[in-house]
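These are the residues of each chain, in order.
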Amino acid sequence: MWCRGVVQVMDFSDFFRSEADQLLRFCWVLTLDTDEAADLAQEVMTRAYERWDLLEQQDQNPAGWLRTVAVNLSRSRWRRVKRFRMFVPKLVAPPQAAAVASDPDLALALEALALRQRQVIALRYWADLPLAECAIEMGISLGSVKQHLARAHRNLAAAIDPAILQDLVL
Amino acid sequence: MNDLGKRLNDLASRATTGVVLADPSITGPATVRSVRGRKVTFGLVSALAVASMLFLWQGRNSGTTSVVVGQGEDNSTGFFTGGPCTDGPVLELLQAGIPTYDYEPAGSFDELANQSAAVVVGQVASMARTEVNGRSYIEVTVSGVFEISVDSGADTPRNDIEIIAYQAQWADRSAPDPLASPVAVDGLDFFGFLSPWSGVRGGWAPGPEGLYVSCNGPGLPVIASGAGPNDPADPGQWWAQKAAEQAAGQAMADAATAAEAANEAAEDQLDEHPIVETSGGFESVEAARQTLADAVEAEAEVRRDANRDNREADPVLLEELEAARFEAGRALWTASGISSYRLRYVESHPPSGFTSLVSLRIEDGHVVDTEFRQGSDEADQVFTVDEMFAIVASVDEVYDVTLDPDTGHPVELRLDRDDAVRGDEFNLREIQVIPRQDLDDADLILQDWLPELVPLPEGLISLLRPSTDVTQGYLLHANDDLQVFLYLDGDEVCAVIDPFPTNADSTGAAGTCRFKTEFLANTVLLANSVPQGLTSYLLVVPSPDYLDQQWTAEAEGGTLDVTSWSVLFTEDEDAPLGQSLVRILCECGDRTFRLPS
């Protein structure tokens, strides 16, 4: 009889309860759209559930897996949005971020970022990951992460208090 | 979490307040996705899958009859008793009974598809009524089932779907239930919108109005619409309509994907060379260039698909794509920032035969010099590139617009100013734009490369007078028979030989001219195949980059003389005049020149 030893196997429902809200917020930072974020997060969680046996057995980092899948899926969703913007511009609603009254400067600044830049901001500052882990979760090189982050800083600096960015270490 | 992280989190928290995700371990993944408005992703199917699915369905069906599942009649007449398929009785059989549940039919096929877990086609083998836990069902045994849900991008065999069942109770006590025993049927195809249902044997049930059957044979009646008022009654037609949308959607998706990939490639290129500052608009030009390429590809894809399917492309979609391509070209031209340039084009009016070869010099967007090539008509109006874009937007009919992929300017326009007036159609073609900066750069390269400037022979100057005032040139080659000169004429480089061949009707001479940039880019100036007495000369002048490459000649007779400035071939004196017996070749790195081409 095989025994899994001392590894604590987490039930999916426990995992879901602990990560769902975080994932939803992460997805919102990626998409800046509540409906898109909810759809994206739901899809990511559903995929996690379908692969839960693998995720828990490999004893990896399920939360990191969620973020990676969210980043990848957000790219395909972004493509779709971009497609519609290209061909049917009048049907695109104004950016929801602009309506977020609590911090409109930051919301608008985020909206102006390229997707990659927003992804790296989400991972680096919202998820508080080291750059090397950002690179792993985005599937790109460390150098590229730095480039995207530097550009994101340049773009954000014009919109928010530069002092905030001064404390950030690349 | 630092301050920025906290502000991000605060924003995200406020934006997602009240949103609750469903735990898939409780609701099941399929349910969760449908709760969140899962769509059947028709736009992502490959065109190949569409074609094969259409074949699968249409190839087996020449008519379709819809069945409103469960909305049965207890009419016992004409019931089908098995064997080869006949439409009416089969339908009655499938409707034999009273539904014992309430439902709300879908308003459209799209909605029906969205509500279903699988859209499938296959053959019906038999039908029978069964009872499970006191409830009565019609079980339809099926075979050869394929899912035409497009998520997978291909038809998927669904061997797990063997029985489709729906509630239907036989309530007519005066007549025997025609489905009391299984009824086998041959040649009955079905189209089903199915969802899993654990309450029935086989585990699959059709959605309300979600099962369509068809016997082989044309013109079967449609007894009920399975969808909304604007949907075709036949799901095969609906699927064909989807196919057209899928093809267009796929083309657009591919274009968008290609655009993203190209943008990222451009961005990565910058990543590798961080020293390059992009403030000069490189990124925007690249993006505009990619957008134009995507628009071109999207339009081409739609046309290709239509050709492949032997049908007309959707004119409304094409018009949108053409407009998108035109706007992408104009945006690229604007982003390129070219305001000073040389512009050449041919204006022609097909009905009248009017043809004007126009050469313009444009500074800061304004025409400062206009020339019409000798012998051509003189147009009343000339156009800058911006004016070309404007006139395209203003005419009644645009037959064709071809755009340059690098700068977006029109290369060819076929227009009709007023579609109520005959004879006002006109074309602008062979449109050539040379930016001023490129010409200046080319001039510097040429000045550095050309040999010493020498006076041209007096006789040649006289002959050239009608076309140019040039008096000096660059002697590239001389032999016993002739001399080869290049001379610069404004923005052009010209080649000419002396003595220039003349006859009694000659009024002058003209060199063979190219824009300096064209000479450098195309690397070779083919001057002419010039009759000189009984001898023809083929003159090729390699441009600087290719001068030192290995030039060879394929010839029948004659001699080849290669100098440091030109490749000159003297054809066999016995050969017929004007007949080219030579091919001059150069395998110049990534380029191959084969002249005359």
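Conventions adopted
All residue numbers refer to positions counted from 1 along the written sequence of the respective chain. The order in which chains are written sets their letters, starting at A; the order in which ligands are written sets their numbers, starting at 1. Local features in this predicted model are restricted to residues whose pLDDT is 70 or higher, and side-chain atom pairs enter the listing and the counts only when it is 80 or higher, whereas totals over whole chains, interfaces and linings include all residues. As a rule here, side-chain values cover all heavy atoms of the structure and leave hydrogens and water aside. Going along the chain from the N terminus, every DSSP run of H or I of four or more residues is numbered as a helix, and every run of E of two or more is numbered as a strand. When accessible area is computed with a 1.4 Å probe and restricted to protein chains, residues below 20% of their type maximum are described as buried, those above 50% as exposed, and intermediate ones as partly exposed. Working rule for contacts: check all heavy atoms of both residues, and any pair within 4.5 Å makes them a contact. Only the protein chains shown count as cover for residues, and all accessible areas are computed by the Shrake-Rupley method using a 1.4 Å probe. Buried Ala, Val, Leu, Ile, Met, Phe, Trp, Tyr and Cys residues form a nonpolar core when they are joined through side-chain atoms within 4.5 Å. For the domain bounds, the source is a domain assignment made automatically or taken from a database. Strands pair, by our definition, only if DSSP identifies at least two bridges between them. Where helices are involved, their axes are fitted lines through C-alpha atoms of the stretch in contact, as for all axes, and angles between N-to-C directions lie from 0 to 180°. Each reported salt bridge corresponds to a side-chain nitrogen of Lys or Arg within 4 Å of a carboxyl oxygen of Asp or Glu.

Trainee: Explain the overall build of chain B to me, please; I cannot follow it from the model alone.
Mentor: A tally of regular secondary structure across chain B gives 13 helices and 26 strands. The burial tally for chain B puts 45% of its 597 residues in the buried class. The contacts in chain B between residues at least 6 apart in sequence include a share of 62% that link residues at least 24 apart. Looking at chain B as shown, the accessible area adds up to about 28300 Å², and 49% of this sits on carbon and sulfur atoms.

Trainee: How do you make sense of the nonpolar core when you look at a structure like this?
Mentor: Soluble globular proteins tend to bury their nonpolar side chains together. Among the nonpolar cores identified, the biggest contains 55 residues, and Met45(A), Ile121(A) and Leu8(B) are the most heavily contacted of them. Among the domains, domain 1 (1–95) and domain 2 (101–170) of chain A are the pair contributing at least three residues each to this core. In this view, Ile121(A) contacts Leu110(A), Leu113(A), Trp126(A), Leu149(A), Ala152(A), Leu156(A) and Leu8(B); residues no more than four positions away in its chain are not counted.

Trainee: What exactly am I supposed to notice about the sheet that holds strand S16 (residues 472–478) of chain B here?
Mentor: In any sheet, the strands associate via hydrogen bonds between backbone groups, in a parallel or an antiparallel arrangement. Residues and elements named next belong to chain B. Taken together, the five strands give an open sheet; going across it, the order is S15-S16-S17-S18-S19, and neighbouring strands pair in antiparallel fashion. Whereas interior strands pair on both sides, the edge strands pair on one side only; in this sheet they are strand S15 (453–455) and strand S19 (512–515). Taken over all neighbouring pairs, the strand axes of this sheet differ in orientation by 40° on average, direction set aside. This element, helix H11 (residues 436–449), spans S16, strand S17 (483–489), strand S18 (492–498) and S19 of the sheet and lies at about 145° to S17.

Trainee: Would you mind going over the pattern of salt bridges with me for this structure?
Mentor: Working definition: two side chains of opposite charge can pair if their charged atoms are close together. Residues and elements named next belong to chain B. Evaluated as defined, the whole model comprises 24 salt bridges over all chains. Residue Asp-491 is joined to Arg-342 by a salt bridge in which the shortest nitrogen-to-oxygen separation is 2.8 Å. One end of the pair, Asp-491, is in the loop between S17 and S18; the other, Arg-342, is in strand S9 (residues 341–349), and 149 residues separate them in sequence. Its relative accessible area of 8% is what places Asp-491 among the buried residues. Of the residues examined, Arg-342 reaches a relative accessible area of 9% and is grouped as buried.

Such coordinate-based values are descriptive only and should not be taken to indicate function.
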